[in-house]
Structure formats: C-alpha cells, structure tokens
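The primary structure of each chain is shown beneath.
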Amino acid sequence: MRGKKMQLGKKENPIDPHFEDMPEQELFLRIRDDMLHSRTGINLEEQLSKGDPEKLLQELNGYITRMYRISEGKIKRFDDYIKDYIFNFHVLSGLMRAKDISDIKVLAWDNVRIKQLGKRKSTDVKFWSPEDFRGSVEMFAVKNGINLGNVNAIQTFTDKKSSEDFIYRFNISTGAINSTGEPYLHIRKI
C-alpha cells in the first residue's frame, strides 16, 4: 500500500486516471465549459477586466487540481490552450493576424471562409468540434462584455483592444435564431 501511495503522488490529491487518460481536447473543452459557465467559482469577466493572465491561470489551476487531478504536464498544456483561447482567438488566431485577410466567416465549426485580397476562399481551419465553436463564440462575446442570451441572439460589436493592427467588428447570430441551430460568426478587420 505504501508503494502505491508514492506512485500516485500527494496522498490528498492523487492523479485521477479517468481524467488523465481522457483525450486532451475533450478534457480541455470540459474544463473550459466549467469556466465559461461559472462552475469554477472564478468570475471570468472580472478576471478579464484585470488583464492579468497569470492570476487567472493560477485560480484556474487551483480548480483543476481540486476537481480533475491531472498531471502537471497536462495542466501546462491546458494553460497554453486556455491562454490562446482567452487572450487570442484559438484556431482563428493566424487568420486574425494576417494582414491580407479582411473578413473571416465561420458558417460551421468545420467551415471557415475568408476574404483575402478581395477574393473569397475556403480554408483548412476548423474548430475541434461543434462544442468548441459554440464555446469560442461565447468567449469572443464574454471578452467584449456582450450577452448572447436568447433576447440578444444577434449581436454586432467592435474589439479595439485585441490588436495593434486592426479593429475587429464581430457579427454573431446564435443558434437560437439560425436554421442550423448553430452560431454564425463574421469578423471584419478594419
């Protein structure tokens, strides 16, 4: 028994094999959803307004350690994911930085189109899943203080803080009003 405790790590918080063996994308989306839906006890809007990513990660890692009990390596990879997800634009980050792209339209999690040098094109960019896309749309709204409840199912807003090169204008319509039941996202770079 003593040898087993040493393999597991700390007695009070051993690694949970259920979460440790879960595919990372699935686990990361689960933790991200906990954060987006206020199950972590962290006020995300308040933390974002403070602009201190390290403090947010510290609080989030405390939650992960208590609830998910995963390895330090997996927590580090989650930190990299969540920094990109919250403080950048997740899978859209490269498109958002590209100077020759003026528009990004996300018609579905696996259907991202751009307008590059005046020509519309499909891309190979995909979100991880429909859930990942829905959560990303929520995050874009939360970062900009926008409510996407059913009463606010269509939102247009600008993001002047995320880039030194561009002002981003977001148009979001949620699944509540779209025929597909999924959100639609259009980003114009000004």
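For the structure itself, consult the block above.
A brief structural summary. Source: prediction; values computed, not measured.

### Details of the packing of helix α5 (residues 53-67) against helix α6 (residues 72-87)
Part 1: Close contact between α5 and α6 brings their axes to 11 Å; oriented N to C, the two are set at 135°. On the basis of their axis angle, the class for α5 and α6 is oblique. Helix-helix and strand crossings are classified by hand; for α5 and α6 the assignment is right-handed. Between α5 and α6, the residues in contact are Pro 53, Glu 54, Leu 56, Leu 57, Leu 60, Asn 61, Ile 64 and Thr 65 and Ile 75, Phe 78, Asp 79, Ile 82, Lys 83, Ile 86 and Phe 87, respectively.

### Topic: the environment of Leu 29
Part 1: Residue position: Leu 29 is located in helix α3 (residues 24-36).
Part 2: Sequence separation of Leu 29 and Ser 129 is 100 residues, and the distance between their C-alpha atoms is 9.6 Å.

### Here we look at the nonpolar core
Part 1: In terms of nonpolar packing, the biggest core is built from 26 residues, with Leu 44, Ile 82 and Ile 86 touching the most fellow members.
Part 2: The next biggest cluster of nonpolar side chains, apart from the first, holds 24 residues, and it includes Leu 92, Ile 114, Phe 133 and Phe 140.

### Some remarks on unusual backbone geometry
Part 1: With phi around 50°, Arg 69 is a residue other than glycine that occupies positive phi space.
Part 2: The topology assignment puts Arg 69 in the loop between α5 and α6.

### Structural notes on the side chain of Asp 132
Part 1: Checked against the element boundaries, Asp 132 lands in helix α8 (residues 130-143).
Part 2: A distance of 2.8 Å separates a polar side-chain atom of Asp 132 from the backbone nitrogen of Trp 128.
Part 3: Once residues within four sequence positions are removed from consideration, Asp 132 is found in contact with Leu 29, Arg 32, Tyr 81, His 90 and Phe 127.

### A few points about the sheet that holds strand β5 (residues 168-173)
Part 1: Spatially, the six strands line up as an open sheet ordered β3-β2-β1-β6-β5-β4, and their pairing is antiparallel. With partners counted over all chains shown, the strands left at the sheet margins are β3 (119-122) and β4 (154-159), one partner each. Looking at each pair of strands side by side, their axes are set apart by 15° on average, direction ignored.
Part 2: Where strand β1 (residues 101-108) and strand β2 (residues 111-116) come together, six bridges link them in antiparallel fashion. Looking at the pairing, Lys 105 lines up with Arg 113 of β2.

### Thoughts on the environment of Glu 59
Part 1: Along the chain, Glu 59 turns up in helix α5.
Part 2: Sequence separation of Glu 59 and Ile 42 is 17 residues, and the distance between their C-alpha atoms is 7.2 Å.
Part 3: In this structure, Glu 59 is in contact with Ile 42 and Gln 47, ignoring residues within four places of it in sequence.

### Looking at the pattern of salt bridges
Part 1: Under the defined criterion, the tally for this structure stands at twelve salt bridges.
Part 2: Linking Asp 16 and Arg 69 is a salt bridge whose minimum nitrogen-to-oxygen distance equals 3.5 Å. Of this pair, Asp 16 sits in the loop between α1 (2-8) and α2 (17-20) while Arg 69 sits in the loop between α5 and α6, and the two are 53 residues apart along the sequence.
Part 3: Given a relative accessible area of 14%, Asp 16 falls into the buried group.
Part 4: Looking at Arg 69, the relative accessible area reads 26%, which means it is partly exposed.
Part 5: If you follow the salt bridges from partner to partner, you end up with Arg 32, Asp 33 and Asp 132 in one network.

Thresholds, definitions, all that
- Residues numbered from 1 in each chain as written.
- Predicted model: local features only at pLDDT ≥ 70, side-chain atom pairs only at ≥ 80, totals over all residues.
- Heavy atoms only, no water.
- Axes fitted to C-alpha atoms, helices over the stretch in contact; angles between N-to-C directions.
- Helix = DSSP H or I, 4+ residues; strand = E, 2+ residues; numbered from the N terminus.
- Parallel < 35°, antiparallel > 145°, perpendicular 65-115°, else oblique.
- Left-handed = near helix turned anticlockwise from the far one by under 90°.
- Contact = heavy atoms within 4.5 Å.
- Core = buried A, V, L, I, M, F, W, Y, C linked by side-chain atoms within 4.5 Å.
- Buried < 20%, exposed > 50% of the residue type's maximum accessible area, 1.4 Å probe, protein only.
- Polar contact = N/O pair within 3.5 Å; in protein donor to acceptor, adjacent residues only side chain to side chain.
- Pairing = 2+ DSSP bridges.
- Salt bridge = Lys/Arg side-chain N within 4 Å of Asp/Glu carboxyl O.

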